[in-house]
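Understanding the architecture of this molecule
Residue strings, one per chain:
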Amino acid sequence: MFNPPHTGHIELARAAVRELGLDRVLLMPVSIPPHKPAIWDPGPEHRAQMCRLASAGEPQIEVCTLELQRPGPSYTVDTLRSIHDSHPDAELTLVLGADMAVTLGSWREPGEIVGLARIAVAQREGIARAQVVDALSSLGAGEHEFLEFSPRDISSSQVRRALTSGKPIDSMVGPVLAAYIDEHELYGRRPASSAAGARS
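Residues numbered from 1 in each chain as written. Predicted model: local features only at pLDDT ≥ 70, side-chain atom pairs only at ≥ 80, totals over all residues. Heavy atoms only, no water.

1. A short note on the sheet that holds strand β4 (residues 118-122)
How we decide: Pairing between strands is defined by DSSP: at least two bridges between them are needed. Every helix listed is a DSSP run of H or I at least four residues long, and every strand listed is a run of E at least two residues long, numbered separately from the N terminus. In this analysis, axes come from line fits to C-alpha atoms, helices being fitted only over the stretch in contact, and the angle between any two N-to-C directions falls in the range 0 to 180 degrees.
Here three strands make up an open sheet; going across it, the order is β3-β4-β5 and the pairing parallel. Strands at the two margins of the open sheet, each flanked by one partner only, are β3 (93-97) and β5 (144-146). Ignoring which end each strand starts from, the neighbouring axes of this sheet average 25 degrees apart. With three bridges connecting them, β4 and β5 associate as parallel partners.

Below is the structure:
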């Protein structure tokens, strides 16, 4: 969902390009998440712009707003179908964290998802590789693989907690994105100048 995007997302996208030989990786901010309500959601347009800022200077990482253009909840199967219809010769890869991969069976039309794209899984602490294999095998996933990339211990929820507690986030999202969040007062963040003015 990228709420907000962070450096771990970009590092994973780079690893997917490097390890899987992908031509490009699309960052796909959702319009409305289908499985759970978004916490402290600044809105899809802000999330899309934050993805653009986070991926600036990365020629093989692009932001795709396809899911923002559809009304209602954003379902992965609809997105994969749309990309396949517009690019029938493209070989699609869905990159998931292991925590998401083990829940794939609960998504809309999971069998269609694994039929439309190979699954690439980024390891997550606490999720055994065997769990992922079992989950994907039960769906008949014909092709899946694990990235060797070891992700940073960072999550969007950690960034949000830092923001709401007034802690710096530059190392988690980069200075440009941190400045954008401050400028637009996202996630309850107030710019330092405003906070100083309020105390004086």
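2. Description of the environment of M172
Filter applied, for reference: What makes two residues a contact is simply this: any of their non-hydrogen atoms within 4.5 Å.
Inspection of the secondary structure assignment puts M172 in helix α8 (residues 170-173). Considering only alpha carbons, one finds M172 and G105, 67 residues apart in sequence, at a separation of 31 Å. Apart from residues lying up to four places away in sequence, M172 is in contact with H6, T7, I154, Q158, V159 and A162.

3. A short note on the packing of helix α2 (residues 44-55) against helix α9 (residues 175-183)
Geometrically, a packed helix pair is captured by the angle between its two axes and the distance between the axes. Definition in use: The scheme is simple: roughly parallel for angles under 35 degrees, roughly antiparallel for over 145, roughly perpendicular for 65 to 115, oblique for anything else. Helix crossings are classified by the rotation of the near helix relative to the far one: an anticlockwise turn of less than a right angle makes the crossing left-handed, while a clockwise turn makes it right-handed. Ten residues, namely Ala, Val, Leu, Ile, Met, Phe, Trp, Tyr, Cys and Pro, are considered nonpolar, four, namely Asp, Glu, Lys and Arg, are considered charged, and the remaining ones, Gly among them, are considered polar.
Running from N to C, α2 and α9 cross one another at 155 degrees; their axes reach a closest spacing of 9 Å. By the criterion of interaxial angle, the relationship of α2 to α9 is roughly antiparallel. As for how α2 packs across α9, the hand of that crossing is right-handed. Listed contacts from α9 to H46, Q49, M50, L53 and A54 of α2 are V176, L177, Y180 and I181. Of the residues that constitute the contact of α2 with α9, the class distribution is seven nonpolar, two polar and no charged.

4. Here's the deal with the packing of aromatic side chains
Rule in force here: Note on aromatic pairs: the rings of Phe, Tyr and Trp (six-membered ring only in Trp) are paired at centre separations within 6.5 Å, and the planes decide the class, stacked below 30 degrees, edge-to-face beyond 60, tilted for the rest. The rule is short: NZ of Lys or CZ of Arg within 6 Å of the ring centre and within 35 degrees of the ring normal puts a charge over the ring.
Using the criterion set out here, one finds zero aromatic pairs in the structure. When the ring centre of Y75 is taken as origin, the NZ or CZ atom of R108, which lies over that ring, is 3.8 Å away. Taking the ring centre of F146 as reference, the NZ or CZ of R129 above it sits at 4.3 Å.

5. Some thoughts on helix α6 (residues 129-138)
Selection criterion: Only protein chains enter the area calculation, which uses a 1.4 Å probe; residues under 20% of their type maximum are buried, those over 50% are exposed, and those in between are partly exposed. Throughout, the arc means the angular range of directions from the helix axis out to the C-beta atoms.
Three or more residues of α6 are buried, namely V132, A135 and L136. An end-on view of α6 places all buried positions within 90 degrees of arc, on one side of the element. For α6, exposure combined with an orientation more than 90 degrees from the buried face picks out D134 and S138. Looking at the packing, one finds that the buried side of α6 touches α4 (98-101), β4 and β5. Of the residues one or two after α6, G140 is the one with positive phi, at around 75 degrees.

6. Some details on the nonpolar core
For clarity, the threshold we go by: The set of buried Ala, Val, Leu, Ile, Met, Phe, Trp, Tyr and Cys residues whose side-chain atoms join them within 4.5 Å is what this entry labels a nonpolar core.
M50, I169, M172, V173, L177 and I181 are the most contacted members of the largest nonpolar core, which has 32 residues in total. Elements supplying a minimum of two residues to this core: α1 (7-20), β1 (25-27), α2, β4, α7 (156-164), α8 and α9. No other element matches α1, which puts seven residues into this core. In terms of nonpolar packing, the next biggest core, distinct from the first, is built from 25 residues, L92, L96, V121 and A141 among them.

7. Let's talk about the pattern of salt bridges
This is how the line gets drawn: When a carboxyl oxygen of Asp or Glu lies within 4 Å of a side-chain nitrogen of Lys or Arg, that pair is called a salt bridge.
Taken as a whole and judged by the stated rule, the model has eight salt bridges. Across the salt bridge formed by D78 and R81, the nearest N and O atoms sit 3.7 Å from each other. Taken together, the residues span about one helical turn, with D78 and R81 both in helix α3 (residues 76-86) at a distance of three residues. Residues R118 and E145 are paired through a salt bridge, measuring 2.7 Å at the closest nitrogen-oxygen approach. Here R118, found in strand β4, pairs with E145, found in strand β5; they are 27 residues apart in sequence, far enough to count as distant.

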